[in-house]
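# An overview of the molecular structure
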Amino acid sequence: MRERVVSGMRPTGALHLGHYHGALKNWVQLQSQHDFFFFVADWHALTTHYADRSGLERSVYDMVVDWLAAGIDPARTTLFIQSRLPEHAELFALLAMGTPLAWLERVPSYKHTMAQAGAAELATFGFLGYPLLQAADILIYRARYVPVGEDQAAHVEVTREVARRFNHLYGGGRAEPVLAEPQALFTETARLPGLDGEKMSKSAGNTIAMREAPEETAAKIRRMPTDPQRVHRSDPGQPERCPVWPLHCVYTDGPTRATLAAGCRSAGIGCLDCKQPLIEAVQAQQRQWHERAENYLANPKQVHWMVEMGTERARTIARQTMREVREAMGLSY
Ligand code: TRP
Ligand code: SF4
């Protein structure tokens, strides 16, 4: 039997290479062996962007198109939008009743955010509840696995605790627990630095979008800083000190990389020579994404329909779980 995997992503605008290599690439692989439920976490976006919702709808569908472009297959994957399933909110509310505040207050991402300047806007019930909403997303599908990066591991841990508590409080006398404890699935990901060598993120403004225009990709890579000690073309460099190198490690094959590294160390090649094959490799990958995306952009109805199909598939399962949850809590009157 194919084991169920659930994952979501907040719609934050066009996805970039960091999203692809950090998550999406693995999801595309997971969908062939697993029963994959994959959704747009638009309510989670509202936990931080509750005031300015401009562009939300656009971000939602841009992201779905990026997923499809990356190779997410709606025939295998159950693709949907969180806010289309009020069942998630119902489970969130019911779980909230018995969840100790301290479990949420001690989540590292919450503590970090609250410690930062300007956190007042995020001193909301919704933001505190972020991990509990995520728990509802996962538990409602009785997921076996949740593929996560390090930053999400604490959320899966809360989810497990919440499930255990629910089963303890309301599952008395049942052979099977009502809610299943999921496991974090740590997949191998490449951490792709951004154009400045720091983590690639939209807020840092150092991204290359998955569907960046080819000339823009070239311009961005050409502008990238290189080994700071390689000031002149005649100075030998060290790839280990160069922000471009981690991109080569993802995009360039071993033998070519060895040649480039040797050329860098001996000052046999200039930095633009070194960047050129990288530019071409990134553009080649983007070409494939552009082609797939064009197809979907020309048929927005088809994309809506795919999301519709996924939503209804998800709803069947979410409803079933909620029936059992209500019954366990003594609410089926
Ligand atoms: N918190 C996740 C993120 O920021 C998004 C998310 C919401 C999620 N619900 C989820 C991920 C359920 C996995 C499972 O990326
Ligand atoms: Fe970086 Fe390549 Fe220039 Fe060396 S030659 S500093 S690896 S861009």
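Everything below is about the structure shown above.
Described below are features of the structure shown in this document. (Residues numbered from 1 in each chain as written. Chains lettered and ligands numbered in written order. Predicted model: local features only at pLDDT ≥ 70, side-chain atom pairs only at ≥ 80, totals over all residues. Heavy atoms only, no water.)

## What to know about the site of ligand 1
As a structural note, the neighbourhood of ligand 1 is formed by 13 residues, with Arg-10, Tyr-130, Gln-134, Asp-137 and Gln-152 the closest of them. Within the side chain of Asp-137, an N or O atom sits 2.7 Å from a nitrogen atom of ligand 1. Protein contacts shield 92% of the accessible area of ligand 1, which totals 370 Å² for the unbound molecule. Top element by residues in the shell around ligand 1 is helix H8 (residues 130-139). It accounts for four residues. Here the residues of the shell around ligand 1 are counted per class, giving six nonpolar, five polar and two charged. (Near = heavy atom within 4 Å. Polar contact = N/O pair within 3.5 Å; in protein donor to acceptor, adjacent residues only side chain to side chain. Areas by Shrake-Rupley, 256 points an atom, 1.4 Å probe, with all protein chains shown as cover. Helix = DSSP H or I, 4+ residues; strand = E, 2+ residues; numbered from the N terminus. Nonpolar A, V, L, I, M, F, W, Y, C, P; charged D, E, K, R; others polar.)

## Re the site of ligand 2
All residues adjacent to ligand 2 are Thr-226, Asp-227, Arg-230, Pro-239, Cys-242, Trp-245, Cys-264, Cys-271 and Cys-274. Its atoms largely coinciding with the cavity grid, ligand 2 occupies the largest cavity. Counted by class, the shell around ligand 2 contains six nonpolar, one polar and two charged residues. (1 Å grid on protein atoms, 1.4 Å probe; cavity = no way out; pocket = protein on both sides within 12 Å on 5 of 7 lines; lining within 4 Å. Sits in = over half its atoms within 2 Å of the grid points.)

## Some words on the pairing of strand E1 (residues 4-9)
Looking at chain direction, E1 and strand E2 (residues 35-40) are connected through six bridges and run parallel. Of the residues in E2, the one forming a bridge with Met-9 is Val-40. With respect to chirality, the unit in which E1 leads through helix H1 (residues 17-33) into the neighbouring parallel E2 is right-handed. (Pairing = 2+ DSSP bridges. Right-handed = clockwise from strand over helix to strand, strands pointing away.)

## Concerning the environment of Glu-121
Here Glu-121 lies in the loop between helix H6 (108-115) and helix H7 (125-128). Residues Glu-121 and Ala-51, 70 residues apart in the sequence, show an inter-C-alpha distance of 9.6 Å.

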